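Below are the chains, spelled out letter by letter.
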Amino acid sequence: MKTKYSPKTVSVSDPTLYLQRGNGIPSATNMAALLLVAVSLTACGGKGAEVEHRQAEQRHQEASQRQAEMRDAAKVEMARVAAPMQMSSNGAVMGMSIAPMPRDYAAIPLAQNKFEQQVQNGIMVAGEIPVSTFSIDVDTGSYATLRRMLREGRLPEKGTVRVEEMLNYFAYDYPLPAKNAAPFSVTTELAPSPYNDDMMLLRIGLKGYDLPKSQLGASSLVFLLDVSGSMASVDKLPLLQTALKLLTAQLSAQDRVSIVVYAGAAGVVLDGASGNDTQTLTYALEQLSAGGSTNGGQGITQAYQLAKKHFIPNGINRVILATDGDFNVGVTDFDDLIALIEKEKDHGIGLTTLGFGLGNYNDQLMEQLADKGNGNYAYIDTLNEARKVLVDELSSSLFTIAKDVKVQVEFNPALVSEYRLIGYENRALAREDFNNDKVDAGEIGAGHTVTALYELRYVEAGQMANDKLRYGVDAQTGQEKYSREEIAFLKLRYKLPEQTQSQLLSYPIRLDQNVKLLEQASDDFRFAAAVAGLGQLLNGSHYLHQFDYTKLSLLARSALGDDPFGYRHEFVQLMETAAAIEQSNHVPIKKVFDGTDKPFPPQDKLHGEPVRDKSNPRNERLQ
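Everything quoted here is computed from the prediction, not taken from an experiment.

The rules behind these values
Residues numbered from 1 in each chain as written. Predicted model: local features only at pLDDT ≥ 70, side-chain atom pairs only at ≥ 80, totals over all residues. Heavy atoms only, no water. Helix = DSSP H or I, 4+ residues; strand = E, 2+ residues; numbered from the N terminus. Areas by Shrake-Rupley, 256 points an atom, 1.4 Å probe, with all protein chains shown as cover. Axes fitted to C-alpha atoms, helices over the stretch in contact; angles between N-to-C directions. Parallel < 35°, antiparallel > 145°, perpendicular 65-115°, else oblique. Left-handed = near helix turned anticlockwise from the far one by under 90°. Contact = heavy atoms within 4.5 Å. Nonpolar A, V, L, I, M, F, W, Y, C, P; charged D, E, K, R; others polar. 1 Å grid on protein atoms, 1.4 Å probe; cavity = no way out; pocket = protein on both sides within 12 Å on 5 of 7 lines; lining within 4 Å. Points joined across faces, edges and corners; volume = space filled by probe spheres on them. Salt bridge = Lys/Arg side-chain N within 4 Å of Asp/Glu carboxyl O. Buried < 20%, exposed > 50% of the residue type's maximum accessible area, 1.4 Å probe, protein only. Pairing = 2+ DSSP bridges. Polar contact = N/O pair within 3.5 Å; in protein donor to acceptor, adjacent residues only side chain to side chain. Core = buried A, V, L, I, M, F, W, Y, C linked by side-chain atoms within 4.5 Å. Phe/Tyr/Trp six-rings, centres within 6.5 Å; stacked < 30°, edge-to-face > 60°. Lys NZ or Arg CZ within 6 Å of the ring centre and 35° of its normal. pLDDT = per-residue confidence, 0-100.

A.B. asks: Teacher, can you tell me more about the overall build of the chain here?
C.D. replies: Helix and strand content of the chain: 14 helices and 18 strands. Summed over all atoms, the accessible surface of the chain reaches about 30000 Å², with 51% contributed by carbon and sulfur.

A.B. asks: Help me out: how do you make sense of the packing of helix 8 (residues 334-346) against helix 9 (residues 363-372) in this one?
C.D. replies: Between two packed helices, the angle of one axis relative to the other and the distance separating the axes together describe the packing. Two numbers describe how helix 8 lies on helix 9: the axes approach to 8 Å, and their chain directions differ by 30 degrees. The angle between helix 8 and helix 9 falls in the class roughly parallel. Regarding helix 8 and helix 9, the two cross each other, and that crossing is right-handed. In contact with Phe334, Leu337, Ile338, Ile341, Glu342 and Lys345 of helix 8, helix 9 contributes Leu365, Gln368, Leu369 and Lys372. Class assignment for the residues of the contact of helix 8 with helix 9 results in six nonpolar, one polar and three charged.

A.B. asks: Looking at this structure, I do not really get empty space enclosed by the protein. What am I missing?
C.D. replies: Where empty space is left in the structure can be found by rolling a water-sized probe over the atoms. One pass over the structure, following the stated rule, counts four cavities of 30 Å³ or more. Looking at the largest cavity, its volume works out to about 130 Å³. Along the walls of the largest cavity sit 20 residues, with Val138, Asn374, Gly375, Asn376 and Glu443 positioned nearest its centre. Residue assignment for the lining of the largest cavity shows that the elements contributing at least two residues are helix 9, helix 11 (394-398) and strand 15 (442-445). By residue number, the principal contributor to the lining of the largest cavity is strand 15, which donates four residues. Residues belonging to the lining of the largest cavity are distributed by class as follows: five nonpolar, nine polar and six charged.

A.B. asks: Could you clarify how one ought to interpret the pattern of salt bridges in this entry?
C.D. replies: Oppositely charged side chains are able to pair whenever their charged atoms sit close together. What the rule picks out here adds up to 30 salt bridges. As a salt-bridge pair, aspartate 371 and arginine 427 come within 3.0 Å of each other at their nearest N and O atoms. In this pair, aspartate 371 sits in helix 9 while arginine 427 sits in the loop between strand 14 (416-422) and strand 15, placing the two residues 56 residues apart along the sequence. In this pair, the class of aspartate 371 matches that of arginine 427, namely buried. The network of salt bridges with shared partners includes Asp137, Asp139, Glu367, Asp371 and Arg427.

A.B. asks: Can you help me understand the sheet that holds strand 9 (residues 266-274) in this one?
C.D. replies: Within a beta sheet, neighbouring strands are joined by backbone hydrogen bonds and run either parallel or antiparallel to one another. Strand order in this open sheet of six strands is 9-8-7-10-11-12, and the pairing throughout is mixed. This sheet does not close on itself; its edge strands, each paired only once, are strand 9 and strand 12 (377-379). On average, each strand axis in the sheet is inclined to that of its neighbour by 15 degrees, with strand direction left out of account. Sheet topology note: the strand 11 (residues 350-355)/strand 12 ladder contains three bridges and is parallel. Across the sheet, leucine 354 pairs through a bridge with alanine 378, a residue of strand 12. This element, helix 5 (residues 237-248), spans strand 7 (219-226) and strand 10 (316-323) of the sheet and lies at about 175 degrees to strand 7.

A.B. asks: Hey, could you run me through the side chain of histidine 448 in this one?
C.D. replies: Structurally, histidine 448 is set in the loop between strand 15 and strand 16 (449-458). A distance of 2.8 Å separates a polar side-chain atom of histidine 448 from the backbone nitrogen of glycine 445.

A.B. asks: How should the side chain of threonine 248 be read in this particular structure?
C.D. replies: Positionally, threonine 248 belongs in helix 5. Side-chain polar atoms of threonine 248 contact the backbone oxygen of lysine 245, separated by 3.2 Å. The residues touching threonine 248, leaving out its near neighbours within four places in the chain, are Phe223, Gly275 and Leu281.

A.B. asks: Before we go on, may I ask you to explain the nonpolar core in this structure?
C.D. replies: Here is a general trend for soluble globular proteins: nonpolar side chains tend to be buried in one another's company. In this structure, Phe184, Leu225, Ile259, Phe411 and Leu456 are the most contacted members of the largest nonpolar core, which totals 76 residues. Among residues more than four places away in sequence, those in contact with phenylalanine 184 are Pro177, Leu206, Lys207, Gly208, Ala402, Val405, Ile444, Leu492, Tyr494 and Leu505. Within the second largest apolar cluster, 44 residues are counted, among which are Leu150, Ala521, Tyr567 and Leu574.

A.B. asks: Would you mind showing me how to read the packing of aromatic side chains here?
C.D. replies: How two aromatic rings sit relative to each other is given by the distance of their centres and the angle of their planes. Using the criterion set out here, one finds 18 aromatic pairs in the structure. Seen from their ring centres, phenylalanine 134 and tyrosine 454 are 6.4 Å apart, and the 55 degrees between their planes marks the pair as tilted. On the criterion of sequence distance, the pair formed by phenylalanine 134 in strand 4 (residues 131-135) and tyrosine 454 in strand 16 is long-range, its members being 320 residues apart. Phenylalanine 134 gets classed as buried once you look at its relative accessible area, which sits at 1%. Tyrosine 454 sits in the buried class, given a relative accessible area of 0%. Put simply, the rings of Tyr143, Tyr169, Phe170, Phe527, Phe565, Tyr567 and Phe571 touch in pairs and so form one group of aromatic residues. Seen from the ring of tyrosine 567, lysine 388 lies directly overhead, with NZ or CZ sitting 5.5 Å from the centre.

A.B. asks: Help me understand the confidence of the model for the chain, please; the structure alone is not making it clear to me.
C.D. replies: Looking at the chain, the pLDDT average stands at 80 and 72% of residues meet or exceed 70. Mean pLDDT values over the elements of the chain span from 31, in helix 1 (residues 15-19), up to 98, in helix 12 (residues 523-538). Confidence over residues 619-623 falls short of pLDDT 50; this stretch has seven contacts with residues more than four positions distant or in other chains.

A.B. asks: Sorry, what's going on with the pairing of strand 14 here?
C.D. replies: Regular strands have side chains that alternate between both faces of the sheet. Counting buried residues along strand 14, seven of its seven residues qualify, which places the element largely inside the surrounding structure. Judged from the six bridges that link them, strand 14 and strand 16 form a sheet pairing that is antiparallel. Counterpart to leucine 421 in the pairing with strand 16 is tyrosine 454.

A.B. asks: Is there a simple way to explain the sheet that holds strand 16 in this structure?
C.D. replies: Strands sit in the order 3-14-16-6-5 across an open sheet of five strands; the sheet is antiparallel. Each edge of the open sheet carries a strand with a single partner, namely strand 3 (124-125) and strand 5 (184-192). Each of strand 5, strand 6 (200-208), strand 14 and strand 16 is contacted by helix 12, which is oriented at about 105 degrees to strand 6, the strand it contacts most.

A.B. asks: Explanation requested: the packing of helix 12 against helix 14 (residues 567-585) in the structure shown.
C.D. replies: Here helix 12 crosses helix 14 at 30 degrees, and the two axes come no closer than 11 Å. Considering their axes alone, helix 12 and helix 14 lie roughly parallel with respect to each other. Judged by the sense of rotation from one axis to the other, the crossing of helix 12 with helix 14 is left-handed. Across from Asp523, Asp524, Phe527, Ala530, Val531, Leu534 and Leu538 in helix 12, the residues of helix 14 making contact are Arg568, Phe571, Met575 and Ala578. The residue makeup of the contact of helix 12 with helix 14, split by class, is eight nonpolar, no polar and three charged.

A.B. asks: What exactly am I supposed to notice about the environment of serine 220 here?
C.D. replies: Within the secondary structure, serine 220 sits in strand 7. Overall, serine 220 belongs to the buried group, its relative accessible area being 3%. Along the sequence, serine 220 and glycine 315 sit 95 residues apart, while their C-alpha atoms lie 7.6 Å from each other. What serine 220 contacts, discounting residues up to four positions off in sequence, is Arg256, His310, Ile312, Ile316, Asn317 and Arg318.

Below, the structure written as structure tokens:
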């Protein structure tokens, strides 16, 4: 029997006022007034003796000091208004309001963000290691954080871009699976590589069956929301509130929504509210405010308790964690967090992570938590991205159609001399893990697409990156156990959501599949190659010998295809921005001009020495 929503369980400030039917919702939250600082500076200039310069400089310094003192006072006032929320004795959030962000808050050094560096996959010799195995990945966070950085004029640190998350940000025209077949279709395509003239590119694509939102069934969602002080800026908590309003607007009476917030302590805001109670859901979200440190561990524990309390058998049961940073108090040990999440995952409660903002952002933690929680990780940098993830792709974000999906490719050494997997570095599996159902792997949601790219070199191409072995059987001297028609053999394993034993799919990849020219490949193939190409360029890959930003631009622009939401055109703009930033970073800065030791730009006349006239060698003062 489902637990009915009771107003007594809602712990927003004075809930009895707004939950009584017929009474209006209390008006707006108490908003803190900004301290306006206006300083008028006047500068003295013109001709005069040196004493005038010294006096002007002194006045300037005094004005600057007064301005700094007033700015510090404004920060103190901001800290007072953005004080941590109060918690009642039962953990309820009391008197919540959104405090304005201090102007200087956004200037946190990017070095405080945590983006894990990946060691890129190397070139494998097919005759020695013919088998490649990895777990699928449907996350998109790496692409969205990259977009944020490029729009702010920065390049990511080399090695931190997860190319697979760039690939899987975009939809591709893979066929839907046949009725009563596997829950996803499998597509392969083979064409010349744009990265190296003597190599080929193999694309493997998976497409899950789609499910309309009306057929998702009942869901119990627990929003675990970070309301610590760093969430005050407009690209964090306010954006989060709007994003979740978009999500809750699609829910119905059969759904249940709970909200747990965490800052200096964790508290329950909603406890099993009905999905169609828009008034309650909207008001509860609007009352959230930012303040305090980040007790993420305590919040996760409380969120899972509510998820178990409102668990819906055969329904969607998921915790949605939204935060801008790291956990700095409470349960912070990574292994303890993973153990908790994996335990609850086995009980049917998944975890989705949504990232907001930069400054103290832990991209690695967000990605790994979602991975271990049978969920997906997305980064929300704009309202459009919130709509994409929580509205357009709601089915794939919430409803899992296959779990522990693994991919294994065996290359034929008679035809393929070398290969490398592009991306999926932290999803690699041992060969024996493929048949071991106890080894965790990724999940596919309804309508999800998954794309993987291998660059490979045929035996006949020569010029191998690796030297041939001195010992062993030479494939050219009669080793005919290999087929001369297949370049590789693709195998996949997956489990249905309610099953514990995996099922096997297998597909030969034939030599006659390849096209002779890259231009003959599909738009989807070439666009995926362009996306992966940008990721590799940003990561500083040393495997791209005939590829640069110029070729990338031509490749991407030739493969825009059908782009109803404009995501591919947006990629082109980001690609051009990355190229421009990369070029500007290589322009040498000339620090010495005209043979003098004067800095550039020159010192302000007001603060420096009087300007010397080169035609006046004795430096007589000009009248």
